[in-house]
Amino acid sequence: MSRAILLGGIADDFTGATDLANNLVRAGMRVVQTIGVPDAARAADADAVVVALKSRTIPANEAVAQSLAALDWLRAQGARQIYFKYCSTFDSTPAGNIGPVTEALMQALGCDFTIATPAFPDNGRTVFKGYLFVGDVLLNESGMRQHPLTPMTDANLVRVLQAQTRRRVGLIDHRSVAAGADAARARMAALRAEGVGIAIVDAVSNEDLWRLGPALADLPLVTAGSGVAIALPANFGLAPTSQAAALPAASGWQAVVSGSCSQATNAQVAHFIARGHAALALDPLRIAVGEDVAGQALDWARGRLADGAPVLVYSTAEPAAVQTIQDRLGVAQAGALVEQTVAAIARGLVGQGVRQLVVAGGETSGACVQALGIAQLRIGAQIDPGVPWCHALSPAAPQGLHLTLKSGNFGGEDFFTRAFEVLSA
Ligand code: ADP
């Protein structure tokens, strides 16, 4: 039986969970991320466990049910504080799910006050006077205005959250945060006395988050993007240490699979090829007519892996090419076909002895983790902001494998080669 955990995270999507876990590791916690709510007791020892849900855009009542199940499991592990993690652009609609999930967690924990802040200054997300900025512009002037599922047309988070909850929403403004933890505590007490249940918190720098941290020590529930996580481990007496990111030694062949078509990933693929590494492009139309594209890719990889250098298999394409495929196959059909093929290739590569695997693409990562039968990941050192190496057990690799799951626009241009250098460093 492992010892009790300190902090329990509930994240509303998979890459968001990794982002939270990554910040906790950098602040000194040993962290395990689970895929969904585990059905058994945890096997690994950790200071924090982050349960990754897929609850950002599902109906609010389902998001509440999943979050409460995660809460029950985390409390059974001994979690002393719960951290509900959502997107740093506060992705939600008047129907939820940030408000309803927060309210349900508060009720289950019997707490009458919590905070809410998506501030993550390192990633350009800052909150001032309750207004969320994305880089230099207000949330509603950013690309989030046109988001297909959660269009954000108001940057005032007090208003946005108030529309989603029966609890009263207030503001801990920058003056209180800048004046230090005692001032923040005093402001919390005043808001509480006024009947406020959830307070949006201003923060424009990491210093603001560090000043705020001690004031959050006694809250049973914190709700935030991943930014606040940099300041919480200190409340448990933990300080940054490389030990927190320690993973087993890396072994085996190296491979990259990419189903992401984002701008950054296109540049990373081009960079990898320009460095002279072996790379194979997948043609979605050949998948669609039933060719065994995965089998062909695995045959191609078999001879090359033994050279000891990383290989890349990718469906990554420029927007015009993706559009052509989507026009021919339909958006959902194209996405699903490519995801399944890339995941089958990832599984096959691990079967061939790959033990260091880079996966590019958020949805693609979900499909690969599922194909590999991975239930939990231990979080290691970050390669680029928000993207750490992880170690996981899989039926395809009973001794475990290292993998990193890179969503969309994350990572520098040399990510596909540097990732392996970071791991062997
Ligand atoms: P990102 O994190 O960059 O958004 P995702 O993996 O989440 O990447 O999403 C990319 C989607 O595009 C996936 O559903 C994937 O299967 C699909 N896809 C990948 N390559 C192609 C392609 N060449 N044509 C059409 N769709 C593609």
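Within each chain, residues carry numbers counting from 1 in the order of the written sequence. Residues qualify for local features only when their pLDDT is at least 70, as the model is predicted, and side-chain atom pairs are given and counted only at 80 or more; totals for whole chains, interfaces and linings, by contrast, use all residues. In computing side-chain values, all of the structure's heavy atoms are included and hydrogens and water are not.

## Some thoughts on the side chain of asparagine 22
Reasoning step 1: Only DSSP runs of H or I reaching four residues or more are called helices, and only runs of E reaching two or more are called strands; each is numbered from the N terminus. Position of asparagine 22 relative to the elements: it lies in helix α1 (residues 14–26).
Reasoning step 2: In this analysis, two residues are considered to be in contact whenever any of their non-hydrogen atoms come within 4.5 Å of each other. Every residue in contact with asparagine 22, bar those within four places of it in the chain, is listed here: Ile379, Gln382, Gly386, Val387 and Pro388.

## Considering the packing of helix α10 (residues 293–305) against helix α12 (residues 331–351)
Reasoning step 1: Axis geometry follows a simple rule: fit a line to the C-alpha atoms, using only the stretch in contact for helices, then measure angles between N-to-C directions, giving values from 0 to 180 degrees. Between α10 and α12, the shortest axis-to-axis distance is 9 Å and the interhelical angle comes to 35 degrees. For the pair α10 and α12, the crossing hand works out as right-handed. On the side of α10, the interface is formed by Val293, Ala294, Ala297, Leu298, Ala301 and Leu305, while α12 contributes Thr341, Ala344, Ile345, Gly348 and Leu349.
Reasoning step 2: Residues that form the contact of α10 with α12 fall into these classes: 9 nonpolar, 2 polar and no charged. A clockwise turn of the near helix away from the far one marks a right-handed crossing, whereas an anticlockwise turn of less than a right angle marks a left-handed crossing. Under the scheme applied here, ten amino acids are nonpolar (Ala, Val, Leu, Ile, Met, Phe, Trp, Tyr, Cys and Pro), four are charged (Asp, Glu, Lys and Arg), and all others, including Gly, are polar.

## Section: unusual backbone geometry
Apart from glycine, the bulk of residues carry a negative phi angle, and the bulk of peptide bonds sit in the trans form.
Reasoning step 1: Look at the link from glycine 96 to asparagine 97: it is a cis peptide, with omega at 10 degrees.
Reasoning step 2: Looking at the secondary structure, you find asparagine 97 in the loop between β4 (81–85) and α3 (98–109).
Reasoning step 3: Within the chain, phenylalanine 90 stands out as a residue other than glycine whose phi angle is a positive 55 degrees.
Reasoning step 4: Residue position: phenylalanine 90 is located in the loop between β4 and α3.
Reasoning step 5: Whether a residue is buried, partly exposed or exposed follows from its accessible area with a 1.4 Å probe, protein chains only, as a fraction of its type maximum: under 20%, in between, or over 50%, in that order. For phenylalanine 90, a relative accessible area of 0% gives the class buried.

## Points about the site of the ligand
Reasoning step 1: If even one non-hydrogen atom of a residue comes within 4 Å of a molecule or strand, that residue is called near it. Surveying the vicinity of the ligand reveals 18 residues, the closest of which are Ser260, Glu339, Glu363, Thr364 and Gly408.
Reasoning step 2: Here a polar contact is recorded for every N or O atom pair within 3.5 Å, except that within protein the pair must consist of a potential hydrogen donor and a potential acceptor, and residues adjacent in sequence are included only if both atoms are side-chain atoms. One of the side-chain N or O atoms of serine 315 is found 2.8 Å from a nitrogen atom in the ligand.
Reasoning step 3: At 2.8 Å, a backbone N or O of glycine 335 approaches an oxygen atom of the ligand.
Reasoning step 4: Across the complex, the protein chains shield 83% of the 570 Å² of accessible surface that the ligand would expose by itself.
Reasoning step 5: Looking at the shell around the ligand, the elements that each hand over two or more residues are α11 (319–329), α12 and α13 (362–371).
Reasoning step 6: Tallied by class, residues from the shell around the ligand come to 6 nonpolar, 10 polar and 2 charged. Using a 1.4 Å probe, the Shrake-Rupley method yields the accessible areas, and only the shown protein chains count as cover for residues.

## Some words on the sheet that holds strand β7 (residues 131–134)
Reasoning step 1: At least two DSSP bridges between two strands are needed for those strands to be called paired. With respect to topology, 3 strands assemble into an open sheet ordered β6-β7-β8, the strand pairing being antiparallel. Both edges of this open sheet fall to β6 (125–128) and β8 (137–138), since each of them pairs with a single strand only.
Reasoning step 2: One ladder, built from 4 bridges, connects β6 with β7; its direction is antiparallel. Within the sheet, the bridge partner assigned to arginine 125 lies in β7 and is valine 134.

## Things to note about the environment of alanine 76
Reasoning step 1: Among the structural elements, alanine 76 can be located in helix α2 (residues 60–76).
Reasoning step 2: Along the chain, alanine 76 and asparagine 61 lie 15 residues apart, while their C-alpha atoms are 23 Å from each other.

## Side note on the environment of valine 37
Reasoning step 1: Summarising the element assignment, valine 37 is placed in the loop between β2 (31–35) and β3 (48–52).
Reasoning step 2: Apart from the residues within four sequence positions on either side, valine 37 is in contact with Val51, Leu53, Gln66, Ala69, Ala70 and Trp73.

## Observations concerning the domain arrangement of the chain
Reasoning step 1: Where each domain starts and ends comes from a domain assignment, either automatic or drawn from a database. The domains assigned to the chain are domain 1 (7–239) and domain 2 (247–424).
Reasoning step 2: Using only C-alpha atoms to locate each centre, domain 1 and domain 2 end up separated by 30 Å.
Reasoning step 3: Contact residues are listed per partner, giving 18 residues for domain 1 and 17 residues for domain 2.
Reasoning step 4: For any pair of parts, buried area is found by adding up, for both, the accessible area (1.4 Å probe) each one loses once the two are put together. Interface area for domain 1 against domain 2, summed over the two sides, is near 1500 Å², with a carbon-plus-sulfur share of 56%.
Reasoning step 5: Contact with domain 2 buries surface across domain 1, with Phe14, Asn22 and Ile35 losing the most and accounting together for 30% of the total.
Reasoning step 6: Here a salt bridge means any side-chain nitrogen of Lys or Arg lying within 4 Å of a carboxyl oxygen belonging to Asp or Glu. For the interface between domain 1 and domain 2, the tally reads 1 salt bridge.

## Observations regarding the packing of aromatic side chains
Within a pair of aromatic rings, the relevant descriptors are the distance that separates the centres and the angle that separates the planes.
Reasoning step 1: Two rings belonging to Phe, Tyr or Trp (six-membered ring only in the last case) form a pair when the distance between their centres is within 6.5 Å. Interplanar angles under 30 degrees mark stacking, angles over 60 mark edge-to-face geometry, and anything in between is tilted. If you walk through the whole model with that rule in mind, you get 5 aromatic pairs.
Reasoning step 2: Residues phenylalanine 415 and phenylalanine 416 carry aromatic rings whose centres are separated by 6.4 Å and whose planes lie at 75 degrees to one another, so their mutual orientation is edge-to-face.
Reasoning step 3: Ring-pair connections join several aromatic residues into one group, and the members of that group are Phe84, Tyr86 and Phe90.

## Overview of the pattern of salt bridges
Reasoning step 1: Scanning all chains against the criterion turns up 19 salt bridges.
Reasoning step 2: Its salt-bridge partner being aspartate 173, residue arginine 175 comes within 3.0 Å of it at the nearest N-O pair.
Reasoning step 3: Exposure remark for arginine 175: the relative accessible area of 65% places this residue in the exposed category.
Reasoning step 4: Exposure remark for aspartate 173: the relative accessible area of 13% places this residue in the buried category.
Reasoning step 5: Close ionic contact of arginine 418 with aspartate 384 constitutes a salt bridge, the shortest N to O distance being 2.9 Å. On the criterion of sequence distance, the pair formed by arginine 418 in helix α14 (residues 415–424) and aspartate 384 in strand β16 (residues 376–384) is long-range, its members being 34 residues apart.
Reasoning step 6: For arginine 418, a relative accessible area of 22% puts it in the partly exposed group.
Reasoning step 7: Overlapping salt bridges, with partners in common, bring together Arg3, Arg30, Asp45 and Asp47 in one network.

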